[in-house]
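For reference, the chains in residue letters:
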Amino acid sequence: MTAVLEVSGLKTHFFTHAGVVKAVDGVDFTVSKGEVMGLVGESGSGKSITGFSILGLIDQPGRIVEGAIRFNGEDIANAPEAKLKAIRGNKISMIFQDPMMTLNPVLRIDTQMMEAILAHEAVPKKEAWERSRDALGLVGIPSPEERLRAYPHQLSGGMRQRVSIAIAFLNKPDLIIADEPTTALDVTIQAQIIYEAQKLTRQTGTAMIWITHDLAVVAGLADRISVMYAGRIVEQGQTDDVIDRPLHPYTVGLLGSVPTANNRGERLFQIEGMTPNMLALPEGCAFAPRCGSASAACKVPPPVEHIADRELRCYHPQAQVAAQ
Amino acid sequence: MTVFVIRRLMQAFLVVFLMSVIVFFGVNIVGDPVYMLVSPDADQADIEAAIRRLGLDRPIWEQYFLFLKGAAQGNLGDSFVFGEPALKLILHHMPATLELAFSALFLAIVIGIPLGLFSGLYPDNPVSKGIMAGSILGFSLPTFWVGLMLILLFAVELGWLPSTGRGDTASVFGIQTSLATWDGIRHIFLPALNLSLLKISLAIRLTRAGVREAMSQDYVKYARAKGISTGRIIFVHVMKNIMIPVVTVMGLEFGSLIGFSVVTETIFAWPGMGKLLIDAILQLDRPVVVAYLMIMVLFFVLINLVVDILYSILDPRVRLQDQGA
Amino acid sequence: MRKLTAAVVATVSTLALFSGAAYAEKLTIGLASEPTSMDPHFHNLGPNNAMSVHLFDRLIAQDEKQRLSPGLAVSWEPIDDLTWEFKLREGVKFHDGSDFTADDVICTMERAPDVPNSPSGYGTYLKGKTFKKIDDYTVHAITESPYPLMANDISTIPVISDSAGCGAETEDFNAGTAAVGTGPFKFSNYKPGESITLVRNDDYWGDAPAWSEVEFRPIKSGPSRVAALLAGDVDMIAGVPTTDITTLESKDDIQLSQGVSNRVIYLHMDQFREDSPFVQGNDGSDIKNPLMDQRVRQAISKAINRDAIVERVMEGVAIPAGQLLPEGFFGVSDKLEPVAYDPEGAKALLAEAGYPDGFQLTIHGPNDRYINDAKIAEAIGQMLTRVGIKTAVETMPRSVYFGRASRGSPDGLPEFSFILVGWGAGSGEASSPLKSLIHTFDKDKGFGSSNRGRHSSAEIDALIEEALRTVDDEKRQDLLAAATEKAIENVAIIPTHFQVNTWAAKKGLKYIPRTDEYTLAMGVVKE
Amino acid sequence: MTAPLVEIRDVSKRFARRLDVAGKIARKLGADIREEVVHAVDEVNLDIREGEVLGLVGESGCGKSTLGRVVAGIHAPSSGQLLFEGSDVATMSSADKRAATLAVQMIFQDPFASLNPRMRVEDIIGEAPRVHGIVSRSDVPDYVDDVMRKVGLDPSLKRRYAHQFSGGQRQRIGIARALAVKPKFLVCDEAIAALDVSIQAQVINLFMDLREEFGLTYLFISHDLSVVEHIADRVAIMYLGRIVESASTEEIFSAPRHPYTRALLAEAPRLDQRKRDFAPIEGEIPSPLAPPDGCFFNPRCPHAQELCRQKQPKLETFGEAHSVACHYWKDL
Amino acid sequence: MTDATLQPSSPATAKVETPFQRFRTEFFESRIASGAFVVLVIIILLAILAPWITPQNPYDLAQVDVLDGRLPPGSEAFAGYTMWLGSDGAGRDLYSAILYGLRISISVGLASGVIALLIGMAVGLIAAYVGGRTEAVIMRVVDLQLSFPASLVALMLVAALGKGVDKIILALVVAQWAYYARTVRATALVERGKEYVEAAQCLGLSKMRVVFRHILPNCLAPLIVVGTVQTASAVSLEATLSFLGVGLPQTEPSLGVLIANGFEYMLSGRYWISVFPGIALLLTVASINLVGDHLRDVLNPRLKK
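Residues numbered from 1 in each chain as written. Chains lettered and ligands numbered in written order. Predicted model: local features only at pLDDT ≥ 70, side-chain atom pairs only at ≥ 80, totals over all residues. Heavy atoms only, no water.

Now for the overall build of chain B. A tally of helices and strands in chain B yields 12 helices and 2 strands. Secondary structure elements in chain B, listed N-terminal to C-terminal, are α-α-α-α-α-α-α-β-β-α-α-α-α-α. Each principal axis of the C-alpha distribution contributes one length, and for chain B these read about 85 × 60 × 35 Å. Counting contacts in chain B only where the partners sit at least 6 residues apart, residues at least 24 apart contribute 73% of the total. Carbon and sulfur atoms form 70% of the exposed surface of chain B, whose accessible area is close to 12300 Å². Charge centroids of chain B, computed over 23 positive and 23 negative side chains, lie 16 Å from each other. (Helix = DSSP H or I, 4+ residues; strand = E, 2+ residues; numbered from the N terminus. Contact = heavy atoms within 4.5 Å. Areas by Shrake-Rupley, 256 points an atom, 1.4 Å probe, with all protein chains shown as cover. Lys, Arg positive; Asp, Glu negative; His and termini not counted. Charge placed at Lys NZ, Arg CZ, Asp CG, Glu CD.)

Residues and elements named next belong to chain A. Assigned domains of chain A: these are domain 1 (3-91 + 173-261 + 269-322) and domain 2 (99-170). Of note, the centres of domain 1 and domain 2, computed from C-alpha atoms alone, are 29 Å apart. Contact with domain 1, which involves 19 residues of that partner, is made by 11 residues of domain 2. Both faces combined, the contact of domain 1 with domain 2 buries some 1200 Å², and carbon together with sulfur accounts for 69% of it. Considering only the surface of domain 1 that becomes buried against domain 2, I193, E196 and L200 emerge as the three largest contributors, covering 37% of it. The interface formed by domain 1 and domain 2 contains 1 salt bridge. For R162, the salt bridge goes to E196, with nearest N and O atoms at 3.1 Å. Among the elements of the structure, α2 (81-87) and α8 (187-204) are those that each provide at least two residues to the side of domain 1 that touches domain 2. The leading source of residues in the side of domain 1 that touches domain 2 is α8, at 9 residues. Across the side of domain 1 that touches domain 2, the residue classes tally to 9 nonpolar, 6 polar and 4 charged. (Domains from an automatic or database assignment. Buried area = accessible area lost by both parts, 1.4 Å probe. Salt bridge = Lys/Arg side-chain N within 4 Å of Asp/Glu carboxyl O. Nonpolar A, V, L, I, M, F, W, Y, C, P; charged D, E, K, R; others polar.)

This next bit is on the sheet that holds strand β2 (residues 36-49) of chain D. All names here are of chain D. Taking strand neighbours across the sheet as the criterion, the 4 strands line up as β2-β1-β4-β5 in an open arrangement whose pairing is antiparallel. Of all the strands in the sheet, the pair left with one neighbour each is β2 and β5 (87-88). In the sheet, strand β4 (residues 79-84) pairs with β5 via 2 bridges, with the strands oriented antiparallel. Within the sheet, the bridge partner assigned to F84 lies in β5 and is S87. (Pairing = 2+ DSSP bridges.)

Attention shifts here to the sheet that holds strand β10 (residues 232-238) of chain A. Sheet strands pair via backbone hydrogen bonds, and the direction of the pair is either parallel or antiparallel. Residues and elements named next belong to chain A. Across the sheet, which stays open at both edges, the 8 strands sit in the order β6-β7-β8-β3-β9-β10-β12-β11 with mixed pairing between neighbours. On the outer flanks of this sheet lie β6 (92-95) and β11 (305-307), each paired with one strand and no other. Taken over all neighbouring pairs, the strand axes of this sheet differ in orientation by 20 degrees on average, direction set aside. Bridging between β6 and strand β7 (residues 175-179) involves 4 bridges; their strand directions are parallel. Note that in β7 the partner of S93 across the bridge is I176. (Axes fitted to C-alpha atoms, helices over the stretch in contact; angles between N-to-C directions.)

So, about the state of the cysteines. Residue and element names in this part refer to chain C. Enumeration according to the criterion identifies 1 disulfide over all chains in this entry. With a sulfur-sulfur separation of 1.7 Å, C107 is cross-linked through a disulfide to C166. Here the S-S torsion is close to 60 degrees, and the disulfide linking C107 with C166 is therefore right-handed. Taken together, the residues C107 in helix α3 (residues 102-111) and C166 in the loop between α5 (150-154) and α6 (170-175) connect sequence positions 59 residues apart. Relative accessible area serves as the criterion here: at 19%, C166 is assigned to the buried category. (Disulfide = S-S within 2.5 Å. Buried < 20%, exposed > 50% of the residue type's maximum accessible area, 1.4 Å probe, protein only.)

The subject of this paragraph is the arrangement of the chains. Contact analysis covers 8 pairs of chains in contact, and the most contacts occur between chains A and D. No part of chain A reaches chain C; the closest C-alpha pair between them is 46 Å apart. Separating chain C from chain D is a minimum C-alpha gap of 42 Å, and the two share no contact.

Here the focus is the nonpolar core. The biggest cluster of nonpolar side chains holds 288 residues, and the ones touching the most others in it are I380, F418 and I438 of chain C. Contacts of I438 of chain C, omitting those with residues within four sequence positions, involve L324, P433, N451, H455, I460, D461, I464, A487, A492 and I493 of chain C. In terms of nonpolar packing, the next biggest core, distinct from the first, is built from 101 residues, I64, L148, I193 and L255 of chain A among them. (Core = buried A, V, L, I, M, F, W, Y, C linked by side-chain atoms within 4.5 Å.)

Okay, a positive patch on the surface next. Together, K24, R27 and K28 of chain D together with R133 of chain E give the surface a local cluster of positive charge. It is helix α1 (residues 21-28) of chain D that provides the largest number of residues to the positive patch, a total of 3 residues. Note that R133 of chain E resides in helix α4 (residues 132-146). (Patch = residues over 30% accessible without salt bridge, like charges linked within 9 Å, V, L, I, M, F, W, Y side chains within 5 Å.)

Right, let's get into the pairing of strand β16 (residues 390-396) of chain C. Residues and elements named next belong to chain C. As judged from the 7 bridges shared by strand β15 (residues 360-366) and β16, these two strands associate in the parallel manner. Counted as the bridge partner of I363 is V393 from β16. For the crossover from β15 across helix α12 (residues 373-386) to β16, the handedness is right-handed. (Right-handed = clockwise from strand over helix to strand, strands pointing away.)

All right, on to unusual backbone geometry then. Here Q60 of chain A and P61 of chain A are connected by a cis peptide whose omega angle stands at 0 degrees. Counting through the fold element by element, P61 of chain A comes out in the loop between α1 (47-55) and β4 (62-71). Its identity is not glycine, yet A269 of chain B carries a phi of approximately 45 degrees, on the positive side. Looking at where A269 of chain B falls in the secondary structure, it is placed in the loop between α10 (230-267) and α11 (273-282). Overall, A269 of chain B belongs to the buried group, its relative accessible area being 3%.

This paragraph deals with the interface of chain A and chain D. The extent of an interface is frequently quoted as the accessible surface area lost upon association of the parts. Residue-level contacts link 51 residues of chain A with 40 residues of chain D. Buried area between chain A and chain D, summed over both chains or domains, comes out near 3900 Å², and the portion from carbon and sulfur atoms is 53%. Run the count over chain A and chain D and you get 1 salt bridge. Linking chain A with chain D are 15 residue pairs in polar contact (both at pLDDT 80 or more), by the criterion used here. (Polar contact = N/O pair within 3.5 Å; in protein donor to acceptor, adjacent residues only side chain to side chain.)

With that settled, the discussion passes to the side chain of R297 of chain C. Residues and elements named next belong to chain C. Topologically, R297 is positioned in helix α9 (residues 294-303). For R297, which is buried and forms no salt bridge, the nearest opposite charge comes from D293, at a distance of 6.7 Å. In terms of polar contacts, R297 uses its side chain to reach the backbone carbonyl oxygen of N490, at 2.7 Å. If near-sequence neighbours (up to four positions away) are discounted, R297 is found in contact with M269, Q271, L291, M292, H455, N490, V491 and I494.

Moving on to the pairing of strand β9 (residues 234-239) of chain D. Residue and element names in this part refer to chain D. Taking burial as the measure, the 6 residues of β9 include 6 buried ones, the bulk of the element. Along β9, one buried face is formed by R234, A236 and M238 and the opposite face, lined by V235, I237 and Y239, is buried too. In the sheet, strand β3 (residues 53-57) pairs with β9 via 4 bridges, with the strands oriented parallel. Note that in β9 the partner of L56 across the bridge is A236. Of the strand pairs in this sheet, β9 and strand β10 (residues 242-248) are connected by 6 bridges, and their pairing is antiparallel. Bridging from a neighbouring strand, A236 pairs with S246 of β10.

Here it is as structure tokens:
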């Protein structure tokens, strides 16, 4: 498998009045062709910032301070804007969380789809329009020609997210970054969206980073899972390994927190404490204050450890399988 | 849409009726117009004759009833001062005010929006700060004061533009307008600028706030993620969204331009309705004041209607409410 | 642009040389107040009258000092106690080419008092007069009693054309179709609020007017009017604000013309109410109206520093007043001088009258009627306060002021106790203010119609009434002067100053100032 | 089994937009407009027994939140009855009504919007007990401390404002506010949906602890099947304003009868399903303004037949209190 | 439940921070706004202290002498003090007159602002909370009022009522209450839909309590913003009305009257009569506007990240 994207040592910091927020603080991962990587974390863990960093969409007061983002072998971290523009929406597309907010409310669907093509290719408008129509058909939108003339608010939430997916695939990208694309949707609609995304990645061989806070979603979708906590990937590995045999206490805790049929009526395993304040991270391992296994060693940031196919940042890997 | 228009028309009718009561009785509290009109040489008999001639000897409710009766037939009474139908006088002065207000609106848009756009896109740029400071000045300086300064600078000192008056007019679609002649445009420029200063500031601030808000919206980030050029993002994605509040507010402000034209018309001796009104107020020409306000009410109802329809055209999300609140 | 205009003007003047006319040039005048109509009989109002002088001649003309001279009538004289005979000028043509005859005069006299919708017409001047055509060029005016002011009254009535004007309505005059007179200028264009354009009547019977075309532009705001002159948009302006006179004087390309007007600014004092509403004791209590006491009125007159008002408030452009009309007018007294400023004397008189510590008073006045009216009221307030009469000043727009000042109290009487007003003698003689301001208020006879202080003196009344019956000018002059002297002695009113009007024109032009404050194109001459 | 604490009898909640005079005139003139009526809740029957946790599951727009607000007394039902401890809330004396109001409290979804940003925590929690005289004025501070401790909040923070707390803590404040009036019944409307996974577990545990400690009854509204499965004794499934199926948690999850329930169960992502092929049901929830004829689910139902398009199925009960509204539930 | 849950969320918020304190911190982050605020405070102080820090009471005719009229800045008055800013046509020391004028202008602006705010607030709250027909009627009246430019409404009213501080305040109130009503209603509608209001209902709190203790405090932020803008516009509207001759009386001049009077002198070279009051008005209105502007930014939740 060839790597489409290699991120190494990525650090994206925000320089605010109150201090430096190290939203992403040394992240490494690789996504291969046709692979779906689940990037899992709670709010503020830096998972979305990681996604935006790849596309160079970090706004003031943030910037990538360190690290490399190699896309098809070329480092695009801090690449010139023109270069990034050519890649965005063309080679790497993005799907956002809330389709209500991301589609421009006053522009018709066809405008918003065609411009995505025309921004990268000098094709006749008619061709752009036909490709847009076909793309809508591909994501299962009935009577696409009619939908093309509609405004976003005339479509349901599910429809809008289908449009987003269609736009993401319009230019046959090598990589799609999906940032919580189903969080705002109902269960049955979520299933439809995941279905379409899954189908298209399989058909086109496009790699995908699926950013979510919901482990259950990626459990069924992703090939690999990376778990983020406070700006770092704390555990990374094949989906089965991470879900069934978590090593990091945080992963263990997360999995234990999920209510299932197996622990009905019992108290859930709970991670104590709060998600950390990114302005005042504890020294060393950020999870240590909430960790049952923390020790004095945790005052020093744990290095990345490679265990078989997995990567881990912890001095105290968990032996037993939690909660499950 | 139908219901919307029907509702508006009903409201308009009610509003016009209410206003006629308020205005008619309100205007009648003020002063005694007879003493404004009769020549100082007139004796008591002359004064009483004048009172009778103007119909002021009747009880106020009877005057109002006569007014309503006339109004129903399109007659809003005759001016005390000019002896001509008040409606005719106002319609005669209306084109001058409208062209002034339209020109001011035009200036506000062509000056205000680009400046607002710039300062919204680059809020930290010194030029933007200058623009914002200027817009505060525009809000804070009294119109009449600025008006005279404009005359002093451009007419007296530099001699570039005429100081006062309306200049040549030409007929366009049967309406006499200064905008059709070069001399007319030279004459209208200063008063229009004076009248628009406040609105330029408003347009700057509205646009700036709109741009700043729009730029932080997800759809802008999404458009960037699609690889769309910055120009297209600003002029298509952002502008289309900003134009909605800007057009709406500026449309509604058109009414206040007409209202404020009183000051500008006084300074620039512009023969419009505003000057007619202030003269009518100062001379207690009641029929003109009442007729002016009646026409204004209708006018404002019309502006509101147009703005609402415009709004629904600009913003695809808005459907004119066919249901009650 | 300026060059272009100059070129055009040059061409026009060259042409004018060939046509042989005086100056074939256009004159643009900025007016302070706008005529409300082109109908000369619609509204008896200064600006309207001034405008109509251009278009319509009177039987008897008033010159710049309001002296009478032959107009369309070549002579007028009483042929008996009750009949005046007017001999009309022959060979005069209206603007439409028709001949001027006695028919035009008769129809004019019929129409003038009775124009529909007219807020205030010329009935005042035509009351009790019947006109009879004797022949085409002779007209008799018949009165019920001897009437010496016939010529003054008739000099106010513009003569219109029987064929074009008498059957017309005001709107027809505004449109120009009926605005056909015999005057030096012909109607060209009337845009209300904007401009009035007149062109020369080349067939004028009198002196040919100097200007081939005159445009009047109303510019109400004083500073704007001055700016328009400075910018060269108008050639001349009327009503130069006193504040700008010094500046304009210092400019080489501007020429000022000043002349005293027939308008006196004076104070009226409540002399008919024991309990006057705006007079209180020092503690705010009601007191017996001190203004009834002649000594108090004298004290007030002495407390007023007329020179200071003229110098400081009017910027020197006014004349301190000691009577009702400035010198030179018919019926003025040559014995009267302005009352001298004497604050000590004023205090002494107040003490003598029983008010050693003064009292409280409110002075009311308009703020948009006379030159610097509000400031004058304020200055008088200051001066009275200095002699112990604690004076509050309240000014208001004339629209509110005159109604209240005339009959604003609940019983229809004048509302205020102490007011600032002005009076312009339209007829140009002292009978006008005496009759309206000084004579005892008499609704039925039409006397004292503006006597808002309600001063009443049988002695003065008798003098005035006698004067108004006396046709002999010399006798009348003496009677009017005597009445005036008595009125000043009684302090019926307190005159403060006579207004002086100022016109400003660009260099090379001069305006012959008029006491009636009219701005006439005929008065603009090249130097 | 004890007697029901809350009974919902044929409760409907309609939101109508009526025509005004102008609308009526327009209609007379032939304009095509109607009064719009949304049946947010459509003749729902439910009993909630004392001490039980009833899970109410459905997708957005199905009316579950509206039903929760009717139960909590925020909305009055448009028709039908709401019985609290056997008596109709609508006809209660005002004292009883107040008691019933206080006995039923609500926990809201949004931990930001549900707390008044201008009030200190001590006022948020202590206001109602003070106003209603539940504790004497002087005891309020101690009482507030006590309630805060019960929900796991440090009482020393009580002088702070809501914005100074994290999402999880805010939700605890909301719970404390409800507990402070000593309720018997809590309506939890998506009470954990907005929280991070690790915090969700804390709050779920808190709910379970409180239930034990105070014998609380819950109406637990959620779109998340796994949470409901974890916490509820009984589950009701709502679709477009109606209950389509209700049964004990065990039965719903092991033997769902309604095609909609089955679809929900099948499509909820689960940790134990790996690299699955998603095979969703078609379509989306229809607009409540224009619900389909017959069974509301018929346009999306893989088993829909002619009858489903014509006739609305009744809720039928079988077995031990398992109800289902489907014409063909026996055949599935 | 362990001690961990009892920890404060972070050290950054360790202090009890009231919404006001937070607002204060954010407000004074802007230098321009802080500067404007300081200027405004100074102006208000000067206005309040006017009787004690001016050489002349310009409203007392005994102290004003027409012979002191139109003196250029730095001249000496008859009474012996120096007129640092010159004098106007009536002989008022401009420095004194400006401070007294500020008093009037600011009190007119504030009084009309406060009264309009109270009326608008009550009406808006009633509309938002009662709803239905009452709301419809109220909002129609508000729309009607808003469709007329405030300048025109005030002009007509002052023309009808006559001059005087009370009348101009009344006119400004009538011209402006609707802005507040609309703002309050819009905000109150949003707030009413929020869950904390539903929670208050659940807790059996009375309607009055919910409206005044819960909804109202949350509507104050936009009200304050509208209030500053409206106060500023009231001050300048008063000046305009005075210019048109229907404003405040001549003898107790507000800033507007001073400028309007001085306006006549603009061409005469006696710039100080109009320019100094003009600068005072400009500073006042601009600083209120700047403060209001920044308030809008600070209080606008949509601009908050």
